[in-house]
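Listed below are the residues making up each chain.
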Amino acid sequence: MIRFLVAMSLALSTTTAFAADLLNYGPAPVSPISPAFNWTGLHIGVSGGWGFNAGDPAYAYINVPAQIVPLLPKSANLDADGGIVGGTLGYDKQFGQFLLGVEGDMSWTDFGGDATHIRPSIPNIGLPSLKFASDYQMDWLSTVRGRAGITFDQWMLYGTGGLAIADVSMRSSVTVAPPANGHLFGSDDKTKTGWTAGGGAAFALTDHVTLKAEGLYYDLGHISTHSTDPKDPQSSVLVTDQDINGAIVRGGLDYKF
């Protein structure tokens with residue numbers, strides 16, 4: 001009987017220890033899953049980059065003898081590129097993995113360039129040496145665009161397009177030299193409107209701070225100047241026509257509310 005009681009005591013103690021082990025080695029607690037980033041909200045930010053104007057100014061002539069026109073330049077080689085920096089304001093709404101939004105920006109630009117061309121004299125036909133000069137400048141550029149994108153948690157890819165507005169100026173001149181005994185001059189400064197389209201990518205650094213990179217093409221028509229002799233407006237005229245189109249590439253840092 002004593003041996004039987006000892007055996008029963010050992011069995012009970014082993015069973016209790018085994019049950020305790022089962023309780024101690026149960027399923028590990030599940031860690032909460034972080035929710036996906038939500039792009040919905042108002043955002044404001046800054047941007048900066050580089051851009052260029054793709055077109056060269058074309059020359060045309062009025063009141064110039066027909067036999068002389070083929071001897072004169074048809075265009076100028078003008079590289080109008082420079083920096084761009086500004087601010088952005090927009091709002092996005094996320095629908096599942098897709099996104100729709102609107103964004104506006106205002107940027108100060110340094111797209112500008114000048115070109116000089118010397119037409120050597122041709123003494124046997126009485127054509128003097130001519131100096132052609134052109135200067136083009138874009139002072140600011142603003143866009144108002146819609147955008148549509150697809151999101152991958154903290155990443156977003158998007159396309160964008162809409163209205164573009166810019167202030168552009170053009171100056172052109174022809175000088176008879178040397179010695180300087182004649183001068184044609186013309187200038188124009190206008191606010192031009194057109195369209196823009198492009199795309200980009202954005203990444204959420206935190207719940208409120210996002211980083212983006214985008215490229216835009218813009219087309220704002222053209223600007224023309226009529227260079228004349230101030231003392232004789234009916235004299236020979238140089239018409240300089242500059243297309244206003246090109247591309248910008250920029251990065252930006254936004255704060256999302």
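Our subject is the structure that appears above.
A. Representation of the pattern of salt bridges. Taken as a whole and judged by the stated rule, the model has ten salt bridges. Here E103 and K212 are joined by a salt bridge, their closest N and O atoms 3.1 Å apart. With a gap of 109 residues between them, E103 in strand β4 (residues 98–119) and K212 in strand β8 (residues 209–227) connect regions that are remote in the sequence. Between D105 and R145 there is a salt bridge; the shortest N-O distance is 3.0 Å. With D105 in strand β4 and R145 in strand β5 (residues 130–152), this pair connects stretches of sequence that are 40 residues apart. Taking relative accessible area as the criterion, D105 reaches 5% and is therefore assigned buried.

B. Representation of the packing of aromatic side chains. Under the counting rule described, the total for this entry stands at seven aromatic pairs. Their ring planes at 25° and their centres at 5.7 Å tell us that Y59 and F132 sit as a pair that is stacked. Of this pair, Y59 sits in strand β2 (residues 58–62) while F132 sits in strand β5; the two residues are 73 residues apart in sequence, bridging distant segments of the chain. One exposure class covers both Y59 and F132, and it is buried. Ring centres 6.4 Å apart and planes at 20° place the aromatic pair F111 and Y218 in the stacked group. With F111 in strand β4 and Y218 in strand β8, this pair connects stretches of sequence that are 107 residues apart. Each member of the pair, F111 as well as Y218, is classed as buried. Counting every residue linked through ring pairs, the aromatic cluster contains Y59, Y61 and F132. Stacked on the ring of Y158, the Lys or Arg R147 has its end atom at 4.7 Å from the ring centre.

C. The pairing of β2, seen in detail. Only one face of β2 is covered, namely the face carrying Y59 and Y61; the face carrying A58, A60 and I62 is uncovered. Looking at chain direction, β2 and strand β9 (residues 237–256) are connected through five bridges and run antiparallel. Bridge pairing in β9 places A60 opposite V239.

D. Layout of unusual backbone geometry. In this model, N63 sits at a positive phi of 60°, which is unusual for a non-glycine residue. Relative to the assigned elements, N63 resides in the loop between β2 and β3 (80–95). In this structure, D153 is a non-glycine residue whose phi angle is positive, near 60°. Tracing the sequence through the fold places D153 in the loop between β5 and β6 (155–176).

E. Representation of a nonpolar patch on the surface within the structure. Together, L42, I44, L89, Y91, V102, V144, L163, Y255 and F257 make up a nonpolar patch on the protein surface, roughly 830 Å² of accessible area in all. Put simply, the parts of the chain that give the nonpolar patch at least two residues each are β1 (41–53) and β3. Residue placement: V102 occurs in strand β4.

Cut-off values and rules
Residues numbered from 1 in each chain as written. Predicted model: local features only at pLDDT ≥ 70, side-chain atom pairs only at ≥ 80, totals over all residues. Heavy atoms only, no water. Salt bridge = Lys/Arg side-chain N within 4 Å of Asp/Glu carboxyl O. Helix = DSSP H or I, 4+ residues; strand = E, 2+ residues; numbered from the N terminus. Buried < 20%, exposed > 50% of the residue type's maximum accessible area, 1.4 Å probe, protein only. Phe/Tyr/Trp six-rings, centres within 6.5 Å; stacked < 30°, edge-to-face > 60°. Lys NZ or Arg CZ within 6 Å of the ring centre and 35° of its normal. Pairing = 2+ DSSP bridges. Patch = residues over 30% accessible without salt bridge, like charges linked within 9 Å, V, L, I, M, F, W, Y side chains within 5 Å. Areas by Shrake-Rupley, 256 points an atom, 1.4 Å probe, with all protein chains shown as cover.

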